[in-house]
Amino acid sequence: MNKWPLSRRAVAKAMLLASAAPLVMNLEALAGSSCADGIVRIAGIAAPDTMNPFATWSSSWPMYFTYDALVGVDAQRHDDRRGFAKSWSVAKDNLTWTFKIWPSMKWSDGQPATARDAAFTYNYLRGSIGKPDELNVGYNNTGGLENIESIAALDDETLQIVTKSRTRWPVDNYTLMVPEHIWKDVSYAEARSTFQNKPPLVGTGPMIVSEFQPGQFASLTPNKYFRAGRPATAGMTYRFFNSADPIAQGLKSGDLDYGMSLTAAQWEELSNDPAIAVGESRIEQRNYLAFNTLSGKGAGSTKALQDPAFRDAIGYAIDQKTIVDRAFRGHADPGVGLAMPVTADYYSELSEIRRHFDLAEAGRRLDAAGYRDTNGDGLREDRDGNPFQLELITGTTSGVLEIPTAAIQLIAGWLEQIGIPVTVTQLDSGALAARTAAPADGGGGWDLLVSAGWLGPSAHDLLSLGNSKLIGTSNTSYWKNDKFDKLLSEADVTVDLKKSRELVDQASRLIYIEAPYIMLCYPFLLEAHRKDCFQGWGTNDAVSMWGYFPFDRLKPAPTP
């Protein structure tokens, strides 16, 4: 953990210290790459911790390449990117869902992959509900299963899910299908924590994780039983970094074929390289400023953080457009509410209630709420007469795009201009997760948080920031509101899009006014791939963030 004052030199030093060791380690691992071996080399800012999908949120890549979701996001957006299910339908009652599993599909160890494995995966989770070791801590979790009446395999190719009420959960859940013959003897206690699921994994995806070195890389080999045929490449290597610098370097040198999580400056430089194609796309990530709204254990340094009027006033001191223009060089959309522009069905400008940047207005609102500078020293005091000195913690969690240091500097600068000094603490991914955990798990004790989240486009995921059941995970402000939870519960059991949109809009307006979060921006994914070794990349979204496209269909480029 490094505490740094707001000077450019100190910021640069902290970033270099944080990235130097892994940079050396990973560049050594990159040495010697070429087109000749047919292995696709990719990299991103990531810190996968285990290959057990029931115990982690940090390992979607590389697990996505090995395990299929039943349906998932990609399958709903693209006809040629289906998952474990070849097709699906819902009865007129909107309660009974039928999924047809690919015929004659096999796991990577040659065993049949059937509807019985899908039923096992879901019922394995359901069986843990209410038990001390309930499987609710990882990518495969019990969320949403409370609305399920039954899940059964009618035969090897037919899975039936019956819900208690109308919900899109059967197609919107991202549970990764696992083989019954591997997992049936793993206890819930083991699945929740100690079972490492060591490679080689057994999955139905195109690339099987064959080696995993936390903090360094994962190696993947082609699945000869993949339903669309063995991939044409010789395999993949996925490198993990904690900053984008080595990714950009690897692309330029030819040591990497694909890199994501690039900064705007790196992306613009790479766009001038004729051997490289760059791309950008809107994604579901939202960057935000969160307030620690706790009282009691884990509370921040001042009760003002619990006051919606204080938080609302701070919202007038945040200029989202300047953050986009200066920190992201235009490669982001300004932050507004919970829904981001890529979720077009739910996005709203919130025009009637939207705050505008006005430092004077922020000051007036703080004065009116009782947070004044009573002694004329330029610093405001809280209602107990104590001068503000807030701790802002920040960092990049695994699997999300890096938040530029310039954005933190802008925020801290604006707060200082309205008489609220800030000390910034930069944390690595693990330390940030520990500080923002639920108080019962040792988290809390900070004041402000600049962080990011990247979940799915469903109504449930869009409302996750205010979900009281997710306090300490997705809900990092620890905010709790019964009305919001009720709207979320209704959205969870709503199939009709118009009704779902209305519920999300109501919840978004409620949390916007209460202001436990100030949305900063929705960054674009900046990525690049080299043209010399492989062909078959996509166009606008060169690489899917919700599956394995196009790595299941890349081919070696012809030799010049």
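About the cut-offs
- Residues numbered from 1 in each chain as written.
- Predicted model: local features only at pLDDT ≥ 70, side-chain atom pairs only at ≥ 80, totals over all residues.
- Heavy atoms only, no water.
- Helix = DSSP H or I, 4+ residues; strand = E, 2+ residues; numbered from the N terminus.
- Contact = heavy atoms within 4.5 Å.
- Areas by Shrake-Rupley, 256 points an atom, 1.4 Å probe, with all protein chains shown as cover.
- Lys, Arg positive; Asp, Glu negative; His and termini not counted.
- Charge placed at Lys NZ, Arg CZ, Asp CG, Glu CD.
- pLDDT = per-residue confidence, 0-100.
- Axes fitted to C-alpha atoms, helices over the stretch in contact; angles between N-to-C directions.
- Parallel < 35°, antiparallel > 145°, perpendicular 65-115°, else oblique.
- Salt bridge = Lys/Arg side-chain N within 4 Å of Asp/Glu carboxyl O.
- Buried < 20%, exposed > 50% of the residue type's maximum accessible area, 1.4 Å probe, protein only.
- Pairing = 2+ DSSP bridges.
- Disulfide = S-S within 2.5 Å.
- Polar contact = N/O pair within 3.5 Å; in protein donor to acceptor, adjacent residues only side chain to side chain.

In this section: the overall build of the protein. In terms of regular secondary structure, the protein is built from 17 helices and 19 strands. Contacts spanning at least 24 positions in sequence make up 70% of the contacts within the protein whose residues lie at least 6 apart. When the accessible surface of the protein is totalled, it reaches about 22,400 Å², and 50% of it is carbon and sulfur. Side-chain charges in the protein split into 54 positive and 65 negative, and the spacing between the mean points of these groups amounts to 2 Å.

When pLDDT is averaged across the protein, the result is 91; 93% of the residues are at 70 or more. This model gives residues 1-32 a pLDDT under 50, and the stretch forms 48 contacts once residues within four places in sequence are excluded.

For the pair helix 10 (residues 308-315) and helix 12 (residues 359-368), the least separation of the axes is 8 Å and the interaxial angle reads 170°. The angle between the axes of helix 10 and helix 12 places the two elements in the roughly antiparallel class. Between helix 10 and helix 12, the contacting residues are Phe310, Asp312 and Ala313 on the first element and Ala362, Arg365 and Leu366 on the second.

Scanning the model with the defined rule gives 28 salt bridges in all. With a closest N to O distance of 3.3 Å, Lys252 and Glu269 form a salt bridge. Of this pair, Lys252 sits in helix 8 (residues 245-253) while Glu269 sits in helix 9 (residues 264-270), and the two are 17 residues apart along the sequence. For Arg509, the salt bridge goes to Glu352, with nearest N and O atoms at 2.9 Å. Placement of Arg509 in helix 17 (residues 497-514) and of Glu352 in the loop between strand 13 (332-334) and helix 12 is noted, with a sequence separation of 157 residues between them. The exposed category is assigned to Glu352, whose relative accessible area is 62%. A single network of salt bridges, built from pairs that share partners, joins Asp312, Arg355, Glu361, Arg364 and Arg365.

What follows concerns the pairing of strand 7 (residues 207-213). Alignment of strand 7 against strand 8 (residues 217-222), held across six bridges, turns out to be antiparallel. Pairing of Val209 across the sheet is with Leu220, part of strand 8. The hairpin formed by strand 7 and strand 8 contains three residues between the paired strands, and Gly215 there has a positive phi angle of roughly 80°.

The next point concerns the state of the cysteines. Evaluated as defined, the whole model comprises one disulfide. A sulfur-sulfur separation of 1.8 Å characterises the disulfide bridge that pairs Cys35 with Cys533. As the torsion about the S-S bond is roughly -75°, the Cys35-Cys533 disulfide counts as left-handed. With Cys35 in the loop between helix 1 (8-30) and strand 2 (39-45) and Cys533 in the loop between strand 17 (517-530) and strand 18 (534-535), this pair connects stretches of sequence that are 498 residues apart.

The next thing to look at is unusual backbone geometry. What you tend to see is this: most non-glycine residues have negative phi, and most peptide bonds are trans. Cis geometry is found at the peptide bond from Pro199 to Pro200, where omega equals 0°. When you line up the elements, Pro200 lands in the loop between helix 7 (188-194) and strand 7. Omega for the bond connecting Phe549 with Pro550 falls within 30 degrees of zero, at 0°, which places this linkage in the cis form.

Our focus in this paragraph is the side chain of Asn197. Among the structural elements, Asn197 can be located in the loop between helix 7 and strand 7. Engagement of the side chain of Asn197 in a polar contact is seen with the backbone oxygen of Met51, the distance being 2.8 Å. Polar contacts involving the side chain of Asn197 include one to the side chain of Tyr67, which spans 2.9 Å. If we skip the residues at most four places from it in the chain, Asn197 touches Met51, Asn52, Pro53, Tyr67 and Trp183.

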